[in-house]
Amino acid sequence: MSFEQLSIGQEIVGTPFSPTRETIRDFCEASLDFNPLHLDDDYMKGDFGKTNFGGIIMHGMNNFGVITKMLTDWLHEQNAVQRRLETRWKSPVKPGDTITPRGRITSLKKTSNSRWACLDVEVRNQRNEVVAVGEAMAEFPN
């Protein structure tokens, strides 16, 4: 698909991801983030203010990763690149959940040097609950 075939409202869907205790541990090791939120079930039995997660949770940056994979998979085949991605976490993801990223084109713009697409992005779990939202910008070089 070329830039000229894109349209506002067009959607892309990424690869579902099902975090496990092992993939969460792998991310801890890769990121050097050994926060007990991601590793220690006993620690996670406690309350954090008004919040109780009821067990370990996936790193929020994993949401960023599944969105980035979706964008890269979509853009690579068009010789385009991701230029910006901002995300906000809305809800925790736990082992056993399945999350799926989605994007929707919100604007298209041509400049003298390139072509641009802006997208709203989100990640939903298997219960169709939004766990992350954000905005992305992609460049389709001339």
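Everything that follows concerns the structure shown earlier in this document.
All values derive from a computational prediction rather than experimental measurement. (Residues numbered from 1 in each chain as written. Predicted model: local features only at pLDDT ≥ 70, side-chain atom pairs only at ≥ 80, totals over all residues. Heavy atoms only, no water.)

(A) Region of interest: the pairing of strand 3 (residues 100–110). In the sheet, strand 1 (residues 11–13) pairs with strand 3 via three bridges, with the strands oriented antiparallel. Paired with I12 across the strands is G103, a residue of strand 3. A loop of three residues connects strand 3 with strand 4 (residues 114–124), the two strands running antiparallel in sequence. (Pairing = 2+ DSSP bridges. Helix = DSSP H or I, 4+ residues; strand = E, 2+ residues; numbered from the N terminus.)

(B) Fine view of the sheet that holds strand 1. Spatially, 1-3-4-5-2 is the arrangement adopted by the five strands of the open sheet, whose pairing is antiparallel. Only two strands of the sheet have a single partner each, and these edge strands are strand 1 and strand 2 (81–89). Ignoring which end each strand starts from, the neighbouring axes of this sheet average 20 degrees apart. (Axes fitted to C-alpha atoms, helices over the stretch in contact; angles between N-to-C directions.)

(C) A look at the environment of G9. When you line up the elements, G9 lands in the segment before strand 1. Measuring from C-alpha to C-alpha, the distance between G9 and P36 comes to 40 Å, with 27 residues separating the pair along the chain. Setting aside residues up to four positions removed in sequence, G9 forms contacts with R104 and I105. (Contact = heavy atoms within 4.5 Å.)

(D) Structural context of the nonpolar core. Within the largest apolar cluster, 30 residues are counted, with the highest numbers of intra-cluster contacts made by L71, W74 and F140. Those elements giving two or more residues to this core turn out to be helix 2 (61–76), strand 4 and strand 5 (130–141). What W74 contacts, discounting residues up to four positions off in sequence, is L6, I12, I105, L119 and F140. (Core = buried A, V, L, I, M, F, W, Y, C linked by side-chain atoms within 4.5 Å. Buried < 20%, exposed > 50% of the residue type's maximum accessible area, 1.4 Å probe, protein only.)

(E) A look at the packing of aromatic side chains. Tallied over the full model, the rule gives two aromatic pairs. Ring centres of F3 and F140 lie 5.3 Å apart, and the angle between their planes is 55 degrees; this geometry places the pair in the tilted category. Here F3 is found in the segment before strand 1, whereas its partner F140 is found in strand 5, with 137 residues between them in sequence. A relative accessible area of 7% means that F3 is categorised as buried. Judged by its relative accessible area of 2%, F140 is buried. Geometrically, the ring pair formed by W74 and F140 is edge-to-face, given 5.9 Å between the ring centres and 80 degrees between the ring planes. Of the two residues, W74 sits in helix 2 while F140 sits in strand 5, which places them 66 residues apart along the sequence. For the pair W74 and F140, a shared accessibility class is recorded, and that class is buried. The rings of F3, W74 and F140 are connected pair by pair, giving a single aromatic cluster. (Phe/Tyr/Trp six-rings, centres within 6.5 Å; stacked < 30°, edge-to-face > 60°.)

(F) Structural view of the side chain of S114. Looking at where S114 falls in the secondary structure, it is placed in strand 4. Given a relative accessible area of 1%, S114 falls into the buried group. Polar side-chain contacts of S114 include one of 3.5 Å to the backbone oxygen of F140. Those residues in contact with S114 that sit more than four places away from it in its chain are K109, E139, F140, P141 and N142. (Polar contact = N/O pair within 3.5 Å; in protein donor to acceptor, adjacent residues only side chain to side chain.)

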